[in-house]
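This is what each chain is made of:
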Amino acid sequence: MLDKAVMRLAGIRKILGLLAGYDILQAIFIIGQAVGLSRMITLFWEGKGLSLSSLSLFIGAYLGRHAINYAKDRMLDDFSAQQAKLLRKQLLEKIFALGPTIVQKEGTGNVITMSLDGISLVENYLHLILNKMMNMSVIPWIILAYVFLLDWKSGVVLLLVFPLIIIFMIVLGYAAQAKADKQYASYQILSNHFLDSLRGIDTLKFFGLSKRYAKSIYRTSENFRKATMSSLRIGILSTFALDFFTTLSIAIVAVLLGLRLINGQMLLFPALTILILSPEYFLPVRDFSSDYHATLDGKNAMQAIYTILNQESIKGEQVSLPTWQDKSQLVLDDIAISYDGKPFLQGTNLTFEGYQKVGIIGMSGSGKSSLINLLSGFLPLAQGSITVEGKEVVNLDQEDWKKQLLYIPQNPYVFEMTLRENITFYTPDASDQDVLEAIRVVGLDELVEELPDGLDTHIGNGARPLSGGQAQRIALARAFLDKERKIMILDEPTAHLDIETELELKEKMVPLMENRLVLFATHRLHWLNQMDLIVVLEKGQVVEVGTYEDLLAKKGAFYQLKYAMGGESHV
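Residues numbered from 1 in each chain as written. Predicted model: local features only at pLDDT ≥ 70, side-chain atom pairs only at ≥ 80, totals over all residues. Heavy atoms only, no water.

Chemist: I'd like a description of the overall build of the protein chain, backed by residues and values.
Modeler: When helices and strands are tallied, the protein chain shows 18 helices and 12 strands. Per-residue burial over the protein chain gives 48% buried out of 571 residues. Considering only contacts in the protein chain between residues 6 or more positions apart, those separated by 24 or more positions represent 76%. By element, 58% of the accessible surface of the protein chain is carried by carbon and sulfur atoms, the whole surface being about 28,300 Å². (Helix = DSSP H or I, 4+ residues; strand = E, 2+ residues; numbered from the N terminus. Buried < 20%, exposed > 50% of the residue type's maximum accessible area, 1.4 Å probe, protein only. Contact = heavy atoms within 4.5 Å. Areas by Shrake-Rupley, 256 points an atom, 1.4 Å probe, with all protein chains shown as cover.)

Chemist: How would you explain the pattern of salt bridges if you had to name every residue and give the values?
Modeler: Here the structure, examined in full by the defined rule, presents 13 salt bridges. Between Arg 65 and Glu 280 there is a salt bridge, with the nearest N and O atoms lying 2.7 Å from each other. Note that Arg 65 is positioned in helix H2 (residues 52-98) and Glu 280 in helix H8 (residues 268-290), a separation of 215 residues in sequence. Side by side, Arg 65 and Glu 280 carry an identical accessibility label, which is buried. Among the salt bridges present, the one from Glu 544 reaches Lys 554, with a minimum N-O distance of 3.9 Å. One end of the pair, Glu 544, is in strand E12 (residues 541-546); the other, Lys 554, is in helix H17 (residues 548-554), with 10 residues separating them in the sequence. Assessed through its relative accessible area of 5%, Glu 544 is described here as buried. A relative accessible area of 55% means that Lys 554 is categorised as exposed. Here the residues in one salt-bridge network are Lys 357, Glu 514 and Asp 532, joined through shared partners. (Salt bridge = Lys/Arg side-chain N within 4 Å of Asp/Glu carboxyl O.)

Chemist: I'd love a proper account of helix H1 (residues 12-45), names of residues and values included.
Modeler: Along its 34 residues, H1 runs 49 Å from first to last C-alpha, staying within 8% of the 50 Å computed at 1.5 Å per residue. Phi turns positive one or two residues past the end of H1, at Gly 47, with a value near 80°. (Expected span 1.5 Å × (residues − 1).)

Chemist: Explain the packing of helix H13 (residues 432-442) against helix H15 (residues 468-481) residue by residue, including any values.
Modeler: In the contact formed by H13 and H15, the axes pass within 9 Å of each other and the chain directions differ by 130°. In this view, H13 runs oblique relative to H15, as classed from their interaxial angle. Handedness of the crossing formed by H13 with H15: right-handed. Side by side, H13 and H15 meet where Asp 434, Val 435, Glu 437, Ala 438, Val 441 and Val 442 of the first sit next to Arg 473, Leu 476, Ala 477, Phe 480 and Leu 481 of the second. (Axes fitted to C-alpha atoms, helices over the stretch in contact; angles between N-to-C directions. Parallel < 35°, antiparallel > 145°, perpendicular 65-115°, else oblique. Left-handed = near helix turned anticlockwise from the far one by under 90°.)

Chemist: Give me the side chain of Asp 482: which residues, what numbers.
Modeler: Looking at the element boundaries, Asp 482 is found in the loop between H15 and strand E9 (487-491). A relative accessible area of 6% places Asp 482 in the buried class. Among residues more than four places away in sequence, those in contact with Asp 482 are Leu 406, Tyr 426, Thr 427 and Arg 516.

Chemist: Describe the nonpolar core, with residues and values.
Modeler: The biggest cluster of nonpolar side chains holds 61 residues, and the ones touching the most others in it are Leu 130 and Met 302. Here the element with the most residues in this core is helix H4 (residues 108-150); it accounts for 16 residues. Discounting chain neighbours no more than four positions away, the residues touching Met 302 are Ala 5, Val 6, Leu 9, Val 122, Tyr 125 and Leu 126. In terms of nonpolar packing, the next biggest core, distinct from the first, is built from 44 residues, Ala 475, Met 488, Leu 505 and Phe 558 among them. (Core = buried A, V, L, I, M, F, W, Y, C linked by side-chain atoms within 4.5 Å.)

Chemist: Could you give me a rundown of the sheet that holds strand E11 (residues 533-538), with the residues and numbers involved?
Modeler: Taken in spatial order, the six strands of this open sheet run E6-E9-E10-E3-E11-E12, and their pairing is mixed. At either end of the open sheet lies a strand with only one pairing partner, and these are strand E6 (405-408) and E12. In this sheet, neighbouring strand axes are inclined to one another by 15° on average, regardless of whether the strands run parallel or antiparallel. As paired elements, strand E3 (residues 357-361) and strand E10 (residues 517-522) share five bridges and run parallel to each other. Looking at E10, one finds that Val 358 is bridged to Leu 519. Contacting E3, E6, E9, E10 and E11, helix H10 (residues 368-376) crosses the sheet at an angle of about 150° to E9. Against the sheet, H15 engages E6 and E9, with an angle of about 175° to E6. (Pairing = 2+ DSSP bridges.)

Chemist: Describe the sheet that holds strand E2 (residues 342-353), naming the residues involved and giving the relevant values.
Modeler: Within the open sheet, the four strands sit side by side as E2-E1-E4-E5. Their pairing is antiparallel. With partners counted over all chains shown, the strands left at the sheet margins are E2 and strand E5 (391-393), one partner each. With strand direction ignored, the average angle separating the axes of adjacent strands in the sheet is 30°. Note that strand E4 (residues 383-388) and E5 share three bridges and pair antiparallel. Each residue of the ladder has a partner; that of Thr 387, found in E5, is Glu 392. Docked against the sheet, H10 engages strand E1 (329-339), E2 and E4, running at close to 120° with respect to E1.

Chemist: Mind laying out unusual backbone geometry, listing which residues take part and the relevant values?
Modeler: The residue Asp 334 is not glycine, and still its phi comes out positive at about 50°. As for its placement among the helices and strands, Asp 334 is situated in strand E1. Positive phi values are uncommon outside glycine, yet Leu 345 reaches one of about 60°. Tracing the chain through its elements places Leu 345 in strand E2. You can call Leu 345 buried: its relative accessible area is 0%.

Chemist: So what about the packing of aromatic side chains? Which residues, and what values?
Modeler: One pair of aromatic rings is described through two measures. These are the centre distance and the angle between the planes. Counting across every chain of the model gives seven aromatic pairs. A network of ring pairs unites the aromatic residues Phe 415, Phe 425 and Tyr 426 as a single cluster. In this arrangement the basic side chain of Arg 485 is found over the ring face of Tyr 426, its NZ or CZ atom lying 5.9 Å from the centre. Over the ring of Trp 527 we find Lys 506; its NZ or CZ atom is 5.7 Å from the centre of that ring. (Phe/Tyr/Trp six-rings, centres within 6.5 Å; stacked < 30°, edge-to-face > 60°. Lys NZ or Arg CZ within 6 Å of the ring centre and 35° of its normal.)

What follows is the structure, given as structure tokens:
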């Protein structure tokens, strides 16, 4: 039940040692509580009245027991919260290091829920599993040893029943694990499906497909509901069965003790003490069973997170690279990459020089994003070589290369901060004059006028929502403020915008491309007459490279693509 990854957490051995110490004390307090209560009842039965010493023992043991519980809970709360915070940081760092490829592989919705709900499940899992497992490993055996001291026959009964209950738990546990795995898989599918449908709702409505997708989401949610109910049925069955067997075991002990009391073979004090301790003996097992399914959810989430954390980064030997200038050169020589098990760009030879605008064009699935991911340093080479300014690198996951990149994706992230902080995210020392100039250049004036607190208005997430065009303008403003980075990579940044908004943004974006190496992946052909060089992709291969005029005159793949996509307008 305890995931191996838990034993690799920082400080786990210290926590386990402290828990073991706490549980030994707690077992002693439980025994003290039972002894105090039994002694008081026995003395009353014998007509000797209330024993203050027995009462003091009972109260002291009771308070000590609950003080231990409080101390354990506080310690585990702090530890699990600290580990969850660290795990979230490691997960986000790994996602950023692996880049968009891992998000595409796992699904956006799954990655989001993993980073939010998944971490919360892991935090709860750590608190429960460490507490329950240690309770079950320590407390029953100390109680059993004391029962043997009082009456070995009762100790034998308790000892024989305990392994049977554990075996029964293991059998039901395997069934519960299978159901929990199915439930978590359904949850991942639902997360991805719902978020993808939500992001594309405008397109679905435009094509009249929104009702069909609503039914699809309903079917997916129904599958998740059925998986959840199936898992709950196993959980309720296992809890009922465990309660039944433990209650039956306590009843057997009580009957045997009663018969021996009637026959005068046993005194009242040890009999009462054993009877009070019997439920306490089984309590850790029952507690573990009642929270077993909560631990399964957390364990599944933890395994999913570590699946990502254990993925190897492509980062290899780091090479010192110079700052990109007007005569710099990037050469891709006979390269190939493998993406999602498929070969792409085999035998590709490309050279990018100085400050030029390079358009990367092709139909969906042609390999545009794969080439962009390679140039961004998120994909490794399968063959060939990459040379930057005459220096060969194993891949472009190079610190000196990434420090020079401005990356603008389809959906730029708007942080839950003020508009000013969003715009100056990469240039926090920018002056108000520079910020206002960036706002003017990218056309955010109207937005600033609408905001109640101007630049100091909180935006993003739960604050003021923004349109896709406004989010793209904020990303452009960030790029405008950063004068140092000379390489701009754009991965279909206007794919989700209407043509009017896109053409308006185009006027703002083109000036920002001056004096930079711009690598622009798009399927909107009206951008291409602004490009100095065009790379045409088809079925994962580079089929043409040249200027806009040369490719049109050639009447090859680009010419066919242009007219197949209705490219005569806006070009």
